[in-house]
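# Fold and contact review
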Amino acid sequence: MFKPRVYITRQIFPDALDLIEKSADLELWPEDEPPSPEQLREAMADVDGAIINVMDRIDAPLLDAAPKLKVLSQVAAGLDNIDVPEATKREILVGYTPGVLAKSTADLAFGLLLAVARRVVESDKWVREGNWKISHHPMFWLGSEVNGSTLGILGLGGIGLEMAKRAQGFDMKVLYHSRTRKPETAKEFGLKYASFKRLLTESDFISIHVPLTPETNRFIGEKELKMMKPTAILVNLSRGPVVDTDALYKALAKGWIAGAGLDVFDPEPVPAGHPVLGLDNVVVLPHIGSASNRSRREMHLLAARNLLAGLNGERLEACANPEVYESLGI
Ligand code: NAP
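Sequence order as written defines residue numbering, which begins from 1 separately in each chain. Per-residue local features of the predicted model are confined to residues with pLDDT of at least 70, and side-chain atom pairs are confined, for both listing and counting, to 80 or more; whole-chain, interface and lining totals are unaffected and use all residues. Water and hydrogen atoms play no part in the side-chain values, which are based on all heavy atoms of the structure.

### Things to note about the overall build of the chain
Operational definition: Every helix listed is a DSSP run of H or I at least four residues long, and every strand listed is a run of E at least two residues long, numbered separately from the N terminus. We compute the radius of gyration over the C-alpha atoms and compare it with the globule rule, which gives 2.2 Å times the number of residues raised to the power 0.38. Here, two residues are considered to be in contact whenever any of their heavy atoms come within 4.5 Å of each other. Per-residue accessibility takes into account occlusion by the displayed protein chains alone, with areas from the Shrake-Rupley method and a 1.4 Å probe.
In terms of regular secondary structure, the chain is built from 13 helices and 12 strands. The C-alpha radius of gyration of the chain comes to 22 Å, within 12% of the 20 Å expected for a compact globule of 330 residues. On the principal axes, the C-alpha backbone points of the chain span a range of 75 × 50 × 35 Å. The contacts of the chain with a sequence gap of at least 6 include a subset with a gap of at least 24, amounting to 60%. For the chain, the accessible area works out to roughly 16,300 Å², and carbon and sulfur atoms hold 52% of it.

### As for the packing of helix α5 (residues 102–117) against helix α7 (residues 158–168)
The following threshold applies: Axes here mean lines fitted to C-alpha atoms, for a helix over just the part in contact, with angles spanning 0 to 180 degrees between N-to-C directions. We call two directions roughly parallel when the angle between them is under 35 degrees, roughly antiparallel when it is over 145, roughly perpendicular when it lies between 65 and 115, and oblique otherwise. Crossing chirality is assigned from the near helix's rotation relative to the far helix, an anticlockwise turn below a right angle marking it left-handed and a clockwise turn marking it right-handed. Throughout, the ten residues Ala, Val, Leu, Ile, Met, Phe, Trp, Tyr, Cys and Pro are labelled nonpolar, Asp, Glu, Lys and Arg are labelled charged, and all others, Gly among them, are labelled polar.
Running from N to C, α5 and α7 cross one another at 50°; their axes reach a closest spacing of 8 Å. Here α5 is positioned oblique relative to α7, judged by the angle of their axes. The way α5 lies across α7 gives a crossing that is right-handed. Of the residues in α7, those in contact with Ala-102, Lys-103, Thr-105, Ala-106, Asp-107, Ala-109, Phe-110 and Leu-113 of α5 are Gly-158, Ile-159, Glu-162, Met-163, Lys-165, Arg-166 and Ala-167. Residues of the contact of α5 with α7, tallied by class, amount to eight nonpolar, two polar and five charged.

### What to know about the environment of His-274
Note the following rule: Accessibility here uses a 1.4 Å probe with only protein chains present; expressed as a share of the type maximum, an area under 20% marks a residue as buried, one over 50% as exposed, and anything in between as partly exposed.
Within the element layout of this structure, His-274 appears in the loop between β11 (259–262) and β12 (282–284). Classification of His-274 by relative accessible area gives buried; the value is 14%. Taking the C-alpha atoms as reference, His-274 lies 19 Å from Arg-218; in sequence the two are 56 residues apart. In this structure, His-274 is in contact with Thr-245 and Phe-265, ignoring residues within four places of it in sequence.

### Digging into empty space enclosed by the protein
Rolled over the atoms, a probe as big as a water molecule pinpoints where empty space is left. Rules: Here the term cavity refers to a set of points on a 1 Å grid, laid over the protein atoms alone, in which a 1.4 Å probe fits but cannot get out; the term pocket refers to an open set having protein on both sides within 12 Å along at least five of seven lines, with lining residues being those that place an atom within 4 Å of a point. Grid points are joined across faces, edges and corners, and a volume is the space filled by probe spheres set on the points.
With the rule as written, the count across this model stands at one cavity of 30 Å³ or more. Put simply, the largest cavity is a space of about 50 Å³. Asn-236, Gly-240, Val-243, Thr-245, Leu-248, Leu-262, Val-264, Phe-265 and Asp-266 together form the lining of the largest cavity. Tallied by class, the residues present in the lining of the largest cavity amount to five nonpolar, three polar and one charged.

### A few points about the site of the ligand
What counts here: In these notes, residues near a molecule or strand are those with any non-hydrogen atom within 4 Å of it. Two N or O atoms count as a polar contact when they lie within 3.5 Å, although within protein this holds only if one can serve as hydrogen donor and the other as acceptor, and sequence-adjacent residues are included solely when both atoms are side-chain atoms.
The ligand sits among 26 residues. The nearest are Gly-158, Arg-179, Thr-180, Lys-182 and Asp-263. Measuring from an oxygen atom of the ligand, one finds a side-chain N or O atom of Arg-179 at 2.6 Å. Look at the ligand: alone it shows 930 Å² of surface, and the protein chains cover 85% of it.

### Notes on the nonpolar core
What counts, and what does not: Here, nonpolar core means buried Ala, Val, Leu, Ile, Met, Phe, Trp, Tyr and Cys residues that are tied together by side-chain atoms lying within 4.5 Å of each other.
Counting residues in each nonpolar core, the largest one holds 28 residues, and the members touching the most others are Ile-208, Ile-220, Leu-225, Met-228, Leu-234, Leu-248 and Ile-257. Sorting the residues of this core by element identifies α9 (196–202), β9 (205–208), α11 (245–254) and β11 as the ones contributing at least two each. Of the residues forming this core, the biggest block, four residues, is contributed by α11. Each residue touching Ile-220, except ones within four places of it in the same chain, is listed here: Leu-154, Phe-196, Leu-200, Ile-208, Leu-225, Met-228, Leu-234, Val-242, Val-243 and Asp-244. Core analysis: the second largest hydrophobic core is formed by 27 residues, Val-6, Val-71, Ala-106 and Leu-301 among them.

### Brief notes about the domain arrangement of the chain
Stated precisely, the cut-off is as follows: Domains are outlined according to an automatic or database domain assignment. Buried area: the accessible area, evaluated with a 1.4 Å probe, that two parts lose upon being put together, summed over both parts. Salt-bridge detection follows one rule: a side-chain nitrogen of Lys or Arg within 4 Å of a carboxyl oxygen of Asp or Glu.
Segmenting the chain into domains produces domain 1 (5–100 + 293–328) and domain 2 (102–284). Its C-alpha centre places domain 1 at a distance of 32 Å from the equivalent point of domain 2. At the junction of the two partners, domain 1 supplies seven residues and domain 2 supplies five residues. Of the roughly 420 Å² buried where domain 1 meets domain 2, counting both sides, 42% is carbon and sulfur surface. Broken down residue by residue, the surface that domain 1 buries against domain 2 is led by Asp-80, Gly-99 and Ser-295, which jointly contribute 71%. One can count one salt bridge joining domain 1 with domain 2. A salt bridge links Asp-80 to Arg-239; its shortest N-O distance comes to 3.0 Å. Linking domain 1 with domain 2 are three residue pairs in polar contact (both at pLDDT 80 or more). Among the residues forming the side of domain 1 that touches domain 2, the class breakdown is three nonpolar, three polar and one charged.

### A few points about the packing of aromatic side chains
Stated precisely, the cut-off is as follows: Between the rings of Phe, Tyr and Trp (Trp by its six-membered ring), a pair exists once the centres lie within 6.5 Å; its type follows the angle of the planes, with under 30 degrees stacked, over 60 edge-to-face, and the other angles tilted.
Per the counting criterion, the structure on display carries five aromatic pairs. With a centroid separation of 5.5 Å and an interplanar angle of 70°, the aromatic rings of Trp-126 and Trp-141 are classed as edge-to-face. Of the two residues, Trp-126 is situated in helix α6 (residues 120–128) and Trp-141 in the loop between α6 and β6 (150–154); the sequence distance between them amounts to 15 residues.

### Examining the pairing of strand β4 (residues 71–74)
Here is the rule: Strands were regarded as paired on the criterion that DSSP finds at least two bridges between them. Place the viewer so that the strands point away; then a crossover is right-handed whenever the path from the first strand over the helix to the second strand goes clockwise.
With burial as the criterion, each face of β4 is covered, one bearing Val-71 and Ser-73 and the other bearing Leu-72 and Gln-74. When strand β3 (residues 49–52) meets β4, the two strands line up parallel, connected through four bridges. Considered in β4, the bridge of Ala-50 is made with Leu-72. Of the strand pairs in this sheet, β4 and strand β5 (residues 93–95) are connected by three bridges, and their pairing is parallel. Counterpart to Val-71 in the pairing with β5 is Leu-93. In the classification by handedness, the crossover that spans β4, the intervening helix α4 (residues 84–89) and the parallel β5 is right-handed.

In structure tokens form, the structure reads like this:
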């Protein structure tokens, strides 16, 4: 019986692997480091489908080297590593995994917001270094109050909305700025639309949830940081290049804003000794927004189902280029 060939560029949960193994011959890249572009090109030369990850660059030369490819199944909500129009030109379906990671990513965004506001990481380090000599001091470790303050959400999609819901539990006023206005969602969840400028100037906390695109590259630079309140805290769980790192360093070092919580960085991984790591008013995490057991397993299972649907000539559960359906007649 014919079995399609599948390449998987990183480890995935065993039950997702089992699902694929039932209907395809698979090869799995076993290392923690991703395959190099050359290794990826070689591995994709003869495959019908692939499960890929945010670290795999999928561009025109790679697609040219994969003439049999029918479906690319990305294990992420962001697609910035994939040239989707090039895949579309070649009638290759691109699957991805939005939704199943929205709640866990928003949980972490809110955790980062709280950690920076209440100086959780900074004070934990201080305790571990043996500095806690007075049991309670009325003026030590004062931070920013989260409840009752204003949260500005940039990008009201799946994760942005989950962030807004969490903010409601903290009695926050929530402003949003997004490409498309969402009056019904705003009404249902008590959110207010704000222009980009108003969101920047009026928010106590700004949480970024836009995808990385040519329009959002360096969305937040020097000009935008200078418009924020000096007490503002910026949280980024989108992609590193959405924020200009050099400008952010200046803003944090010079007090244009009060702090930042970053799950993503530009460049990623952040080089050891990077000046941002020398600042106390920033918490940096290693891109772990969706890294809960439940979310990651659901992402891997959804990616497996997207892959199998594409191999079977069926519509995917989450497809980034549904315009290919028409040319494939499905
Ligand atoms: P989503 O549902 O597509 O939401 C993105 C939102 O951003 C949409 O509402 C979109 O507007 C808006 N947007 C796009 N371009 C914009 C622009 N130029 N100006 C203003 N708003 C703009 O995506 P999601 O699932 O919430 O994920 C958002 C991003 O988070 C992903 O693309 C990914 O890069 C990142 N992410 C990171 C992690 C992590 O581990 N840190 C985990 C998951 C996702 P429309 O409504 O008009 O489309």
